[in-house]
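# Close look at the chain arrangement
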Amino acid sequence: MRNSSVYDCVILPLSKIHNRSGNITIVESNTHVPFEIKRVYYLYDIPGGESRGGHAHRELYQLIVAASGSFDILLDDGTNKKVVTLNRPYYGLLIVPGIWRELMEFSSGSVCLVLASDVYKESDYFRDYNTFKNYKDAL
Ligand code: TYD
């Protein structure tokens, strides 16, 4: 995706199958998310007041889900910013490539589930904001 925008990062409603014994939400590659899921990881035991993220990806697509609790995600495409609150396990935030993100305001006991379109590659990261901004400005 060439010069991507925070407005390309949308909330995707996920399925929720409810019965007396609880709920289940299913996410399948290319059906419920617009990419093939190659990696899953989750953040948990996040100390109060801590923030995570502080980077962007060159190629990676991600779906971020508040599997438990809530948190805020600040999205920044180098020009526009927006903040999204996730607080239900049946909504996911699609983050397209080329978006700086910071995760913050984690509620106690929250779990941030991440479905990603590729395996971990440090070379896919922008960890320096100015490098990211220069890259976006040159697109
Ligand atoms: P990082 O992506 O910086 O975490 P966050 O965005 O949540 O702050 O990753 C934290 C550390 O974990 C870093 O040393 C890289 C490592 N890591 C992996 O080895 N594999 C992975 O899939 C991920 C997401 C991180």
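Everything below is about the structure printed above this text.
Treat the numbers as computed from the prediction; the structure is a model and nothing was measured.

## So, the overall build of the protein
Across its full length, the protein holds one helix and 12 strands. For the protein, the N- to C-terminal ordering of α and β elements is β-β-β-β-β-β-β-β-β-β-β-β-α. Rg of the C-alpha trace for the protein: 15 Å, near the compact-globule value of 14 Å for 139 residues, within the 12% margin. With the principal axes as the frame, the protein shows a C-alpha extent of 55 × 35 × 25 Å. Looking at the 139 residues of the protein, the share that counts as buried comes to 38%. At a minimum sequence separation of 6, the contacts of the protein that also span at least 24 residues come to 77%. Approximately 7800 Å² of the protein is accessible, and the part contributed by carbon and sulfur atoms is 48%.

## Thoughts on the nonpolar core
Among the nonpolar cores identified, the biggest contains 27 residues, and L63, F71, I73 and L75 are the most heavily contacted of them. For this core, the leading source of residues is strand 6 (residues 62–68), giving four residues.

## Brief notes about the environment of V119
One can find V119 in the loop between strand 11 (111–116) and strand 12 (125–126). Taking the relative accessible area as the measure of exposure, V119 reaches 44% and is therefore partly exposed. Spatially, the C-alpha atom of V119 lies 5.6 Å from that of R39, the residues being 80 residues apart in sequence. When residues no more than four places from it in sequence are discounted, the contact partners of V119 are K38 and R39.

## A look at the site of the ligand
As a structural note, the neighbourhood of the ligand is formed by R39, Y41, L43, R52, G53, H55, Y120, Y125 and R127. Contact distances for the ligand include 2.9 Å between an oxygen atom and a side-chain N or O atom of R52. If the ligand stood free it would expose 530 Å²; the protein chains cover 60% of that surface. Counting residues per element, the ones that place at least two in the shell around the ligand are strand 4 (39–43) and strand 5 (52–57). Residue composition of the shell around the ligand, by class: four nonpolar, two polar and three charged.

## Here we look at the pairing of strand 7 (residues 71–76)
The buried fraction of strand 7 amounts to five of the six residues, a majority that puts the element mostly inside the structure. Alignment of strand 7 against strand 8 (residues 81–86), held across six bridges, turns out to be antiparallel. From the neighbouring strand, F71 faces strand 8, where its bridge partner is L86. Where strand 7 folds back onto strand 8 in an antiparallel hairpin, the turn is made up of four residues, including G78, whose phi is positive at roughly 95°. Of the pairings in the sheet, the one linking strand 7 to strand 10 (residues 100–104) comprises five bridges and is antiparallel in character. Residue pairing in the sheet places D76 in a bridge with W100 of strand 10.

## Focus: the pattern of salt bridges
This structure, assessed with the given rule, holds four salt bridges. Notably, a salt bridge pairs K81 with D76, separated by 3.5 Å at the nearest N-O pair. What makes D76 buried here is its relative accessible area of 4%.

## Points about the sheet that holds strand 7
If you walk across this open sheet you meet the five strands as 8-7-10-5-12, and the pairing is antiparallel. Edge strands, defined here as strands with exactly one partner in the open sheet, are strand 8 and strand 12.

Cut-offs used in this document
- Residues numbered from 1 in each chain as written.
- Predicted model: local features only at pLDDT ≥ 70, side-chain atom pairs only at ≥ 80, totals over all residues.
- Heavy atoms only, no water.
- Helix = DSSP H or I, 4+ residues; strand = E, 2+ residues; numbered from the N terminus.
- Rg over C-alpha atoms; globule rule 2.2 N^0.38 Å.
- Buried < 20%, exposed > 50% of the residue type's maximum accessible area, 1.4 Å probe, protein only.
- Contact = heavy atoms within 4.5 Å.
- Areas by Shrake-Rupley, 256 points an atom, 1.4 Å probe, with all protein chains shown as cover.
- Core = buried A, V, L, I, M, F, W, Y, C linked by side-chain atoms within 4.5 Å.
- Near = heavy atom within 4 Å.
- Polar contact = N/O pair within 3.5 Å; in protein donor to acceptor, adjacent residues only side chain to side chain.
- Nonpolar A, V, L, I, M, F, W, Y, C, P; charged D, E, K, R; others polar.
- Pairing = 2+ DSSP bridges.
- Salt bridge = Lys/Arg side-chain N within 4 Å of Asp/Glu carboxyl O.

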